[in-house]
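Next come the chains, spelled out residue by residue.
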Amino acid sequence: MTNNLKVERAIHDLTQADLADKIGVSRQSINAMEKNKYVPSTVLALKIAKLFDKPVEAIFSLDEND
Amino acid sequence: MKTNYLLSHKYKTTGWILFIIGLISGIFMVFSGFESDLLNTKVLSIFNYGILNNEEVKFFKIIDNSIVDEITALFIIIGGLIVGFSKEKIEDEFIYKLRTDSLVWAIIFNYLVLIFTIIFIYDMTFLNIMIFNMFTPLVFFVFRFNFLKHKAQNHDE
């Protein structure tokens, strides 16, 4: 699964730490997600989408490995 | 992240203290050959058959024993469990995944090492390996977990 978290973060002018703080996770989690090393749970994906006010599919998408 | 078996973060420091004291004491015991007269005290032995001097089987006897090794073992085990299973400052699903991944890694690594020692190490030396093996799953787990956490921390934006 890939995501454009980094882009969304830039649009909203948030650091990894800011974003982590807003959704109540550790900064490492955001970092791991941006590097595609961690696939978030549905709950976390929904929280992120809600924060950016977009549908989940606009931020997360399947890639050829899924 | 809701989990029902993790301890509160405030126990972490206590865990580290016990774990490190236990490990240092353990290393010291390895080099002193596991023999000690320190803290000799009366303890309750619920079952004992003298393996070396062919004694009869005894149940529920009070015996004299140095409890340094018992304390060391308990410190390592209890300390290690607390360190491994207390919450991080920010406990979330990613940290939880790192913890479970580390556990899987530690079990597999531990038993690969044990398979190797079963094949290539014999006699009393193997019994010594078994002493280490009481603690290595936990020790490997704690080190692996902290290594992964550290690695995740270091790659900055």
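Scroll up a little and you will see the structure.
I will try to describe carefully the structure that is included in this document. As the structure is a computational prediction, the values presented were derived from the model and not from experiment. (Residues numbered from 1 in each chain as written. Chains lettered and ligands numbered in written order. Predicted model: local features only at pLDDT ≥ 70, side-chain atom pairs only at ≥ 80, totals over all residues.)

### Remarks on the overall build of chain B
Test applied: Where helices and strands are cited, they refer to DSSP runs of H or I of at least four residues and of E of at least two residues respectively, numbered from the N terminus. Note on method: radius of gyration uses C-alpha positions; expected globular size equals 2.2 Å times residues raised to 0.38. Exposed residues have 12 or fewer other C-beta atoms within 10 Å of their own C-beta, buried residues have 20 or more, and partly exposed residues fall in between, where C-beta atoms are placed from the backbone. By definition, residues are in contact whenever their C-beta atoms, placed on the basis of the backbone, come within 7 Å of each other.
Within chain B one finds 5 helices and 2 strands. From first element to last, N terminus to C terminus, chain B shows the α and β order α-β-β-α-α-α-α. The C-alpha atoms of chain B give a radius of gyration of 19 Å, which is well past the 15 Å a tight globule of 157 residues would have. With the C-alpha coordinates of chain B rotated into their principal frame, the extents come out at 65 × 40 × 30 Å. In chain B, which comprises 157 residues, the share counted as buried stands at 17%. Within chain B, contacts between residues at least 6 apart in sequence are counted, and of these 82% link residues at least 24 apart.

### Quick word on the overall build of chain A
Along chain A, the regular secondary structure elements total 5 helices and 2 strands. In sequence order, the secondary structure elements of chain A are arranged as β-α-α-α-α-α-β. Considering only C-alpha atoms, chain A reaches an extent of 30 × 25 × 20 Å along its principal axes. Across the 66 residues in chain A, those meeting the buried criterion constitute 26%. For chain A, long-range pairs separated by at least 24 residues make up 51% of all intrachain contacts whose partners lie at least 6 apart in sequence.

### A short note on the interface of chain B and chain A
So the rule is basically this: Amino acid classes used here: Ala, Val, Leu, Ile, Met, Phe, Trp, Tyr, Cys and Pro are nonpolar; Asp, Glu, Lys and Arg are charged; the rest, including Gly, are polar.
If you look at the interface, chain B gives 10 residues, while chain A gives 11 residues. Among the elements of the structure, α3 (93-120) and α5 (136-154) of chain B are those that each provide at least two residues to the side of chain B that touches chain A. At 4 residues, α3(B) tops the list of elements feeding residues into the side of chain B that touches chain A. The residue makeup of the side of chain B that touches chain A, split by class, is 4 nonpolar, 2 polar and 4 charged.

### Some points on the nonpolar core
Cut-off, in case you're wondering: In plain words, the nonpolar core is the set of buried Ala, Val, Leu, Ile, Met, Phe, Trp, Tyr and Cys residues that C-beta atoms within 7 Å link up.
Of all hydrophobic cores here, the largest spans 25 residues; its most connected members are A:Ala32, A:Met33, B:Phe94, B:Leu98, B:Phe141 and B:Val142. Within the residue set of this core, elements represented by two or more residues are α3 (27-34) and α4 (42-52) of chain A together with α1 (12-31), α2 (68-84), α3 and α5 of chain B.

All quantities given are derived from atomic positions and should not be read as evidence of function.
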